[in-house]
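# A structural walkthrough
Here is how the chains run, residue by residue.
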Amino acid sequence: MKTIIISGAGGLIGGEAAKFWHEKGYNIVGIDNDMRAYFFGKEASTGKNVDEHRKNLKNYQHFQTDIRDIALLVRIFKEYSGEIAGVIHTAAQPSHDWAAREPSTDFGVNAVGTLNMLEMTRLYAFDAPFIFTSTNKVYGDTPNSLPLVELETRWEIDKTHPYFEKGIDETMSLDNSKHSIFGASKVAADIMVQEYGKYFGMKTGVFRGGCLTGPTHCGTELHGFLAYLVHCAVAKKEYNIFGYKGKQVRDNIHSHDLINAFWCFFNDPKEGEAYNMGGSRHSNISMLEAIQKIESLLDCKMNYTMLNDPRIGDHIWYVSDVTKFQRDYPMWKYEYDCGRILEEMVANECEKQGNSGFKGYSFNAGRGKKDQGFAKPLPREQWLDRFPVVLASNDSYASFVATTLYSILENTESFVEFYILEDAITSRNKKKISESLGKFKNWSIEYIDVSKYAIERFPDIDNRSPVAFARYFIGDALPDKEKVLYLDCDIIFCGDIAELYNLDMDNYPIAALWEDFIEYANIKKNLYPEYKGGYFSFNTGVLLMDLNKIKTYTKTFVELTLRFQNLLKYSDQDVLNIVFDNNFKRLDYRYNFQIGNFNEFKKAYPNKAGEIMKNLFLVHWSGMEIKPWKQNRVLYGYLFWNVAAKTVFYKKIKSMRKKYIKKRTDKKGLYFLNRIPVIEKVRGEGFVSYKIFGITIAKITRQEYIWSDIYGYSDANMY
Ligand SMILES: NC(=O)c1ccc[n+]([C@@H]2O[C@H](COP(=O)([O-])OP(=O)(O)OC[C@H]3O[C@@H](n4cnc5c(N)ncnc54)[C@H](O)[C@@H]3O)[C@@H](O)[C@H]2O)c1
């Protein structure tokens, strides 16, 4: 089996790399002796991260080995030689201050340990890409001699300097500066990694990190600035700021973004290339700004002391220019900025410490829409003719899965991989779905039990169907897919689904219909009662999703759902609207033409409605009641019945409708009234009166009249 060797597998970056490559199907060999506990004390131990790997990663083997011990490393590399597909070297002594306490330990781990890992790779896995986490401290304190200006909350570089726009690039000299003992040992390692590439021709990559952060960071005072700051804020502990008036600026990159950069390099490695890799202009923050942000997230004042002396070799302002990496790997993009990094950290730390102070995510919920524009079709040559489409259903909706799928296949020549996130669909119904699609060849179907994802995360919401939250878990359920189209089961296609799937999402996590013609009393109103700008939202019945991005939000979805469970009106649609407000691409109205709010849409956009109806792409009977299988007279109901009649569920759906109508009409007594010939039905403004000899005996609304059994059950009356 293809194997990745990861040193420092218990640490922040090594740990995330282990999970990431494991998910991609690799066997992981982790090397970590928990020396972090030796450096920074028990509270910084990474042992529990290793325990988690052992528990959760099926193909994970751990070696509690010191990377300074070459004899033990030989055993490991020998054992796996021939199957090593990559080496990710993250084990290190990572702190300036600690290094000065024991310079030879620091040098032993950082420089000699790196040489050992390189040499093992050269001898036992020459062709494997070797990824090394270096640091921006290799530039020593040279960045401090840049022309800096003091602003109210931060230091900034002078606007006229070439580094102003994008930050510090790789041309900055490593010479003639004070590095700190840590910086010097990292320089040695950094140069050696480059040398193994340049001299021996190995595929080695150096990533000079800014501040690396992420959910599993075990921050301590000496290392992990944001994590430790958040830890102190939540624990109400005093925090010491070392020098520069708290205005020192760091660029922060989330482990998710860094690991994605590693993945790009892994798939297209270079020989001995070094890259600056931090949050860049996209994600940087000063201490004071970070404190302000954390205070607002926790709604509290932090307790900190401003010390005059800075740490030796510490940077005043550092922002990485990542252009070189982006030039070599144009596909790589950031998912996180400082705001999101901090929100995630505060939420995690509160959970860890059992503190309920986190005030919720500061998404732009309820603030209305910033127009991101409509998703346009990709150039034709980029269209995929085989793609995944996801639906979610329990057993009672199985027949509508069949109708939606049938209509898709009737209108496309593309090969469609259907994934059904199911909750207990019977094997009989699964067979009937396949039978219904029997005449088509261009499809495959896989059922994925969604309850296992939902239930372990929603222990408290036990009375809701897991299907109601299925959209949260599509990323987990389909780890190998990048882009999927999600559809509700109350949709019938008239156009080619390939046109919808192959829209350009323009790097947004989702594309959805923005319902700017109707305001719902949804969760945003509860969250932002003072806002007067219109509580619009997007509809989640038709969603294009970039799963690499969506996956990073799973925890957030769950956190918000549990937090607002009593306010949620439209289940996950409410939550998705909070998370992706202002961060989605719009779908044209034709790609989610909803019957449930047709009147509002027609009123707002009469021409558009006319255009869509002339050339229908799909029809979506959104809403609880206005479904062709619940009523006789539903707009475009005949489209549904035309398809339903071609599936093996036809009889069942017809009897379903009969039952629904009977139930409703029975309630009002209309079932009988409709059948007495002498009763006259007189239409008024918005209501219908039932009269006998001119005397009104019942009055019902027009809607109730339409719903009622007035047209009988025959197919001829299907509207
Ligand atoms: N975190 C940051 O802000 C940051 C910034 C720039 C560069 N870096 C570099 O990135 C790399 C990873 O950083 P991190 O934040 O994941 O660090 P981390 O401390 O979380 O993880 C490093 C892991 O290496 C292990 N380790 C240390 N010495 C070892 C040894 N001799 N043998 C085996 N295992 C050993 C530790 O126990 C720890 O689990 C390091 O090389 C670090 O210098 C980190």
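If you're wondering where the values come from, they're calculated on a predicted model, not measured in any experiment.

### As for the overall build of the protein
What the protein contains, in helices and strands, is 28 helices and 26 strands. Looking at the protein as a whole, 47% of its 719 residues are labelled buried. Within the protein, contacts between residues separated by at least 24 positions form 81% of all contacts whose residues are at least 6 apart in sequence.

### Examining the site of the ligand
The immediate surroundings of the ligand are formed by 29 residues, with Gly8, Gly11, Ala92, Thr133 and Gly209 found nearest. In the shell around the ligand, the residues fall into 11 nonpolar, 13 polar and five charged.

### As for the sheet that holds strand β13 (residues 284-286)
Sheet strands pair via backbone hydrogen bonds, and the direction of the pair is either parallel or antiparallel. With mixed pairing, three strands are arranged side by side in an open sheet as β9-β11-β13. Edge positions in the sheet fall to β9 (211-213) and β13, since each of these pairs with one other strand and no more. Between one strand and the next, the sheet's axes are offset by a mean angle of 40 degrees, whatever the strand orientation. By the bridge criterion, three bridges tie β9 to strand β11 (residues 249-254) in an arrangement that is parallel. Following the sheet pairing, Cys211 is matched in β11 by Asn252. Across the sheet, helix α9 (residues 225-235) is in contact with β9 and β11; its angle to β9 comes to roughly 55 degrees.

### Notes on unusual backbone geometry
The phi torsion at Ser180 lies on the positive side, around 75 degrees, for a residue other than glycine. By the secondary structure assignment, Ser180 is in helix α8 (residues 180-198). Accessibility expressed as a C-beta count within 10 Å gives 21 for Ser180, which makes it buried. Of note, the phi angle at Asp506 is positive, near 55 degrees, even though the residue is not glycine. Turning to its location among the elements, Asp506 is positioned in the loop between α18 (497-501) and β20 (510-514). The class of Asp506 is exposed, set by 12 C-beta atoms lying within 10 Å.

### Quick word on the nonpolar core
Core analysis: the largest hydrophobic core is formed by 91 residues, its most contacted members being Ile6, Leu226, Val230, Phe262, Ile294, Leu342 and Val346. With eight residues, α9 is the single largest residue contributor to this core. Residues in contact with Val230, not counting those within four places in the same chain, are Ile294, Met345, Val346 and Glu349. One finds Ala392, Ile497, Val579 and Ile612 within the second-largest nonpolar core, a separate group that totals 86 residues.

### Points about the environment of Lys551
Here Lys551 shows up in the loop between α20 (547-550) and α21 (554-563). With 77 residues separating them along the chain, Lys551 and Ile474 place their C-alpha atoms 8.1 Å apart.

### Notes on the confidence of the model for the protein
Here the protein shows a mean pLDDT of 88. Residues at 70 or above account for 89%. Scored below 50 in pLDDT, residues 364-368 shows 18 contacts in the model against residues more than four places distant or in partner chains. Low pLDDT, under 50, characterises residues 709-719; the stretch is placed with 22 contacts to residues that sit more than four places away or in other chains.

### As for the sheet that holds strand β3 (residues 60-63)
Strand order in the open sheet formed by seven strands is β3-β2-β1-β4-β5-β8-β12, and the pairing between neighbours is parallel. Edge strands, defined here as strands with exactly one partner in the open sheet, are β3 and β12 (273-277). Across the sheet, the mean angle from the axis of one strand to that of its neighbour is 20 degrees, orientation sign disregarded. The sheet contact formed by strand β4 (residues 84-89) and strand β5 (residues 130-135) spans three bridges and is parallel.

### A word on the packing of helix α14 (residues 398-410) against helix α25 (residues 637-644)
Direction vectors running N to C along α14 and α25 enclose 90 degrees, while the axes themselves pass 9 Å from each other. What the angle tells us is that α14 and α25 run roughly perpendicular. Listed contacts from α25 to Thr403, Tyr406 and Ser407 of α14 are Phe640, Val643 and Ala644. Looking at the contact of α14 with α25, its residues break down into four nonpolar, two polar and no charged.

Criteria and thresholds
- Residues numbered from 1 in each chain as written.
- Predicted model: local features only at pLDDT ≥ 70, side-chain atom pairs only at ≥ 80, totals over all residues.
- Helix = DSSP H or I, 4+ residues; strand = E, 2+ residues; numbered from the N terminus.
- Buried ≥ 20, exposed ≤ 12 C-beta atoms within 10 Å, placed from the backbone.
- Contact = placed C-beta atoms within 7 Å.
- Near = placed C-beta within 6 Å.
- Nonpolar A, V, L, I, M, F, W, Y, C, P; charged D, E, K, R; others polar.
- Pairing = 2+ DSSP bridges.
- Axes fitted to C-alpha atoms, helices over the stretch in contact; angles between N-to-C directions.
- Core = buried A, V, L, I, M, F, W, Y, C linked by C-beta atoms within 7 Å.
- pLDDT = per-residue confidence, 0-100.
- Parallel < 35°, antiparallel > 145°, perpendicular 65-115°, else oblique.

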